[in-house]
Amino acid sequence: MTDDARTPVLEIENLCISYFTRAGEIPAVADFNLTVYEGESIGLVGESGCGKSTVAMAIMRYLGSNGGIVGGSIKFKGRDITHLSDEELRKMRGSEVAMIYQEPMAALNPSLTIGAQLMEVPLIHEGVSEQEAYERSRQMLADVKLPDPDRVMAAYPHQISGGQQQRVVIAMALLSKPALLLLDEPTTALDVTVEAGIIELIAEIAQKFGTAQLFISHNLGLVRETCDRICVMYSGEAVETGTIADVFTRMRHPYTRGLFGAIPLPSANKNDRPLVAIPGQLPLPHQRPEGCNFGPRCDYFREGVCAPQAVAMRDVSGAANPHQTRCARFEEIDWDAPLGTGQVNEPIEPGELVLVVDGMRKYYELHDRSVKAMLSGEGVKYVKANETLSFDARKAEVVAIVGESGCGKSTFAKVLMGLETATEGTITFNGDEIESTEVQQRPREQVASMQMVFQNPNDTLNPSMTVGGQISRVIRKFGVESDADKVHDRVMRLLDMVKLPRDFYHRRPRQLSGGQKQRVGVARAFAGNPAMVIADEPVSALDVSVQAAVTELLMEIQREHGTTLLFISHDLSVVRYLADRIVVMYLGQIMEQGTTEEVFSPPYHPYTEALLSAVPIADTTIDKRKIVLEGNLPSVVNPPVGCPFHTRCHRKIGKICETTRPPVLVDSDTHQIACHIPLEELQAVLPVFFAVDSDGTPTGGGAPAESTAGG
Amino acid sequence: MAASTEAAIPLPPRQSGLVRFARSLALLRESPVGMVGAGIVLAWALAAIFAPLLAPFDPNATILPFQRPGAVDPTTGHTFWLGTDKIGRDILSRIIYGGRRVLIYGPIATAAAYVVGIAMGLAAGYFRGWWDAVLSRVSDIVLSFPIFVLYVIVISTYGASGLNIVLAIIFASAPGIMRIVRGLTLDLRNRDYVAAAQTRGEHPVYIMLVEILPNARGPLIVDACLRLGYVTITIGTLGFLGLGLPPPDPDWGGMVNENRALAPAFPHMIVYPCLAISSLVLGLNLLADGLREISIKD
């Protein structure tokens, strides 16, 4: 990276961007510098509102009518683009600089075939013949590894899956051979195993096409896997830049360090190495503090050094590669000091059985009213949302249900809560069978003792009711208290419990941040002293530092009250951090279940193996075997016969997988795997994760000798 | 968590509903269009309320027929600002008093139509299934009828009275309101806070009225303003067709009807009542635009 002989593609110098609103000028990005060389990938990392997308939009000169570049320059191949005319911009966009967005479906025109949309690029930018445009588009689809490119060329966007759509979008971006590719959270909308494939493709692009990339993400693990260098942004400024190795192992800015402390790295553990949230909140752009923007949230803040004067980017001495930080005190800070309080929690012994699920099935009827279906007598089809689920959960235990979209975890939650009734099997909760009792028919105590925390912070609270009103309602409804003063007291104590100020009582949800709303959601769930709480992806929509705070809060309350927590998630790194036991589901069936340790080490179910391999890890001392699944998630309406996973399985052994439901192999009292492969063979599989030096060479004996990921 | 010893936890000051309503009305200042609309509507409302003080003549008194605007009544010395009609009643006074009728029956009929439409829409959108099928088909059937034929049938069968006008408007407007509410409910019922209410075993009526309806209020308030405009037109049209409230009390539509034969010679007899109707409808439409504008900004 020190090789200055390489030509820079993009040079951003002292860039300042502001938005102009009725309230006046709001600075979005200040004093931003970045150089991207040919064929280089740079990760732009930060939480929402830090200005990373604004930078990308500025490079495209697409800031909208109220945004503007108020200072500095953006040079693309040596030419300042901040003063280009509309006509010149049109030539540049899409041909020399291309952008890939988060939602693939929104990036494609639903009423044109994919072929027509792809061919447009060379037809318009280069004026080639139809024939050549077709050939090149087809070739590019093959290059982004879409199976059967001819079929895809003729297809409409809705006829292919989300992952395939994103590949088409990438192909479209690459068709004009851009010098620079901007990727704005390109995999956030995709499932984990699909994401893994796209990330692999993105990592190859730079080598194969020599395209420079700016990869915008909030996920440090993804940046590690795709980028050479990283630029960490906070509140409109770059706070640290450097190579992945430097920034990940020798970070020199308290915010970067805070980020790493807040994400569940494999070394974190809920008992002795808890996550450390960054205190405070991201300042609003017009309320930024004087001096260091991170000052108010920083443990090392010192008046006079960090403020009131602005802090400039400085080179970190002793680094071989350019490594800069915007910390005034980086030489004085002990970077090896452990984060957090060092508080160690005793592991809790799980108590008696709270929940027993035995052979639970949930089928939905799907009526096909077409004449053909009626004639053939196949008028009714079944969606097998849950197929013979059996597992249990004990008091004070955290059981995680893991799976991708369509795996049936949400249906299961609905049946548990009594919004749906089971088709077959039993669910015993605190000794009562509840599988066929709807919530309205359940006794009040039973309803109160099983509550839920929801996923979307913007959706979890009624926007027209005050926070206090919503929590009070639960307390009254469950008969915890009925006297107005006592109800009010209890709401106040619940607000204390979730660490929110008491005057939030009269606030409305829109006056709260995402993390605060989620805390109110937690308070509401715990208002009726529940024995079990179901948390459906409670932190996945939150920013990294807030995620840590909410996760820790949930764990703390759960520990204190001895609550059973059923944690539904697709994110295995969070699950590893907080779960005692894990249930892995795929298309409505349990593939594997066991303690966290058992699930994370061999023997694995092949699906678990692929899921683990798909987890991006932001720890440079750990590497993993790459297993990228072929194909798409099958539809739940028409699931594969036999083992549901056989269509994508990298260890499929033959016909038997397609015809027969796999047997449940028992590895231990707690560990079960549903697979046709004998247990000994699964046992012999190498671990997905292995330790490496920071330069990437495996250490110890755990390194894989061969790729086991073959078809 | 502290024990209950800290019994007196101070309750932060609470805003009354009235204060919050006033504050959200103040938001309207952001929209010039909405301000103009609100001004027009407010002017008509004040005129109707203070009609006895504002009107120069008794609206039903026959004084001098066929007076042009600006003519002076020789006995009292008052001016007929907008002239008189064919039997000699002051048109300005009749318009001011006529506003009362529109501004009483319009809101009542609209509100009543909303109660029915909201109930139908919530039930159809929340329960779906056969509730939705039945209610949607019923409203489709009503909407497929030519509305004025309906009015004529209803009012000519049961006679012209305030109640019948309200009933006719409920019958004609509720299906449209039901469709809007149903659409909003179908969207809102999938929110997590509705699921939260369901999982704590709330009664469906509570969920519909507390969790769903208040969050649909934005679009509904805008629609109510527009619909009040349509109802104003409808009341005017019914008056014109002779299906409005019985004479002699002034009615804008009725005034146009009574004098329409004389329009070529005395245009003022019908122009001013028509202007009254259009200005109120325009005001309501502008107000609706303004409300929509601020609801998008919020």
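Calculation notes
- Residues numbered from 1 in each chain as written.
- Chains lettered and ligands numbered in written order.
- Predicted model: local features only at pLDDT ≥ 70, side-chain atom pairs only at ≥ 80, totals over all residues.
- Helix = DSSP H or I, 4+ residues; strand = E, 2+ residues; numbered from the N terminus.
- Buried ≥ 20, exposed ≤ 12 C-beta atoms within 10 Å, placed from the backbone.
- Contact = placed C-beta atoms within 7 Å.
- Nonpolar A, V, L, I, M, F, W, Y, C, P; charged D, E, K, R; others polar.
- Axes fitted to C-alpha atoms, helices over the stretch in contact; angles between N-to-C directions.
- Parallel < 35°, antiparallel > 145°, perpendicular 65-115°, else oblique.
- Left-handed = near helix turned anticlockwise from the far one by under 90°.
- Pairing = 2+ DSSP bridges.
- pLDDT = per-residue confidence, 0-100.
- Expected span 1.5 Å × (residues − 1).
- Arc of directions from axis to C-beta.

Turning next to the overall build of chain A. When helices and strands are counted, chain A shows 23 helices and 26 strands. Here the C-alpha coordinates of chain A stretch approximately 70 × 65 × 55 Å along the principal axes. Evaluated residue by residue, chain A yields a buried proportion of 47% over its 711 residues. Taking contacts inside chain A between residues at least 6 apart in sequence as the whole, the part at least 24 apart equals 67%.

Let us now look at the overall build of chain B. Across its full length, chain B carries 12 helices and two strands. Along the chain direction, N to C, the helices and strands of chain B fall in the order α-α-α-β-β-α-α-α-α-α-α-α-α-α. Principal-axis analysis of the C-alpha atoms places the extent of chain B at approximately 85 × 50 × 30 Å. Within chain B, the proportion of its 298 residues that are buried is 41%.

It is worth spelling out the interface of chain B and chain A at this point. Each partner contributes residues to the interface: chain B has 19 residues there, and chain A has 30 residues. Among the elements that take part in the side of chain B that touches chain A, helix H8 (residues 192–199) of chain B stands out by supplying six residues, more than any other. Class assignment of the residues belonging to the side of chain B that touches chain A gives a composition of nine nonpolar, five polar and five charged.

This next bit is on the packing of helix H7 (residues 162–175) of chain A against helix H8 (residues 192–209) of chain A. Residues and elements named next belong to chain A. Packing of H7 against H8 leaves a shortest axis separation of 10 Å and a crossing angle of 15°. By the angle between their axes, H7 is roughly parallel relative to H8. As for the relative orientation of H7 and H8, their crossing is right-handed in sense. In this structure, H7 uses Gly162, Gly163, Gln166, Arg167, Ile170 and Leu174 to contact H8, whose residues at the interface are Val194, Gly197, Ile198, Leu201, Ile205 and Phe209.

Residues and elements named next belong to chain A. Reading across the sheet, the eight strands line up as S6-S7-S8-S3-S9-S10-S12-S11 and stay open at both edges, with mixed pairing between neighbours. Each having just a single partner strand, strand S6 (97–100) and strand S11 (314–315) make up the two edges of the open sheet. Summarising the sheet, S6 and strand S7 (residues 180–184) pair through four bridges and their orientation is parallel. The partner of Val97 across the bridge, within S7, is Leu180.

Attention shifts here to the sheet that holds strand S25 (residues 672–674) of chain A. Residue and element names in this part refer to chain A. Spatial ordering of the open sheet is given by S18-S19-S20-S15-S21-S22-S25-S24, a layout of eight strands whose pairing is mixed. Each end of this open sheet is capped by a strand with a single partner; those strands are strand S18 (450–453) and strand S24 (664–666). On average, adjacent strands in this sheet sit at an angle of 20° to one another, irrespective of strand direction. In this sheet, strand S20 (residues 564–569) lies alongside strand S19 (residues 532–536) in parallel orientation, the contact comprising five bridges. Looking at S20, one finds that Ala535 is bridged to Phe567.

What follows covers the pairing of strand S2 (residues 24–37) of chain A. Residues and elements named next belong to chain A. In this structure, strand S1 (residues 8–21) lies alongside S2, joined through 10 bridges in antiparallel fashion. Its bridge partner being in S2, Leu10 is matched across the sheet by Val36. Counted along the chain from S1 to the antiparallel partner S2, the turn is two residues long.

Let us now look at the environment of Glu38(A). Residues and elements named next belong to chain A. By secondary structure assignment, the location of Glu38 is in the loop between S2 and strand S3 (41–45). By C-beta crowding, Glu38 is classed as partly exposed, having 16 other C-beta atoms within 10 Å. For the pair Glu38 and Leu10, spaced 28 residues apart in the sequence, the C-alpha separation amounts to 8.7 Å. Ignoring sequence-local partners within four residues, the contact set of Glu38 consists of Arg6, Thr7, Val9, Gly210 and Ala212.

Turning our attention to the confidence of the model for chain B. Residue and element names in this part refer to chain B. Per-residue pLDDT for chain B has a mean of 86; in total, 92% of the residues score no lower than 70. In the model of chain B, helix H1 (residues 17–26) stands out as the element of lowest mean pLDDT, 71, in contrast to helix H9 (residues 204–212), which has the highest, 94. Below a pLDDT of 50 lies the segment residues 1–9, which in the model reaches nine contacts outside its immediate sequence neighbourhood of four places, other chains included. The ipTM value of the predicted complex is 0.81, and its pTM value is 0.83.

It is worth spelling out the confidence of the model for chain A at this point. In the predicted model, chain A carries a mean pLDDT of 85, and 96% of its residues have values of at least 70. Under a pLDDT of 50 for its full length, residues 701–711 of chain A has, in the predicted model, 15 contacts with residues more than four places off or in other chains.

Residue and element names in this part refer to chain B. Between helix H2 (residues 32–49) and helix H4 (residues 91–127), the least distance of the axes is 8 Å, while the angle of their chain directions is 110°. In this view, H2 runs roughly perpendicular relative to H4, as classed from their interaxial angle. Here Trp44, Ala45, Ala47 and Ala48 of H2 lie close against H4, whose contacting residues are Ile96, Gly99, Arg100 and Leu103. Partitioning the contact of H2 with H4 into residue classes produces six nonpolar, one polar and one charged.

A few words now on helix H13 (residues 409–417) of chain A. Residue and element names in this part refer to chain A. Across the nine residues of H13, eight count as buried, placing the element largely inside the fold. Burial in H13 covers these residues: Lys409, Thr411, Phe412, Ala413, Lys414, Val415, Leu416 and Met417. Positive phi appears at Gly418, one or two residues downstream of H13, with a value of about 85°.

Residue and element names in this part refer to chain A. If you check helix H5 (residues 130–143), its first and last C-alpha atoms are 20 Å apart, about what 14 residues at 1.5 Å a residue would give, namely 20 Å. Those residues of H5 lying buried are Ala133, Ser137, Met140 and Leu141. Down the axis, H5 shows its buried residues gathered within 100° of arc, on one side only. Exposed residues pointing more than 90 degrees away from the buried face of H5 are listed as Gln131 and Gln139. If you follow the buried residues of H5, they end up packed against helix H4 (114–125), helix H6 (149–154) and H7. Just downstream of H5, Lys145 is the residue with a positive phi angle, here 60°.

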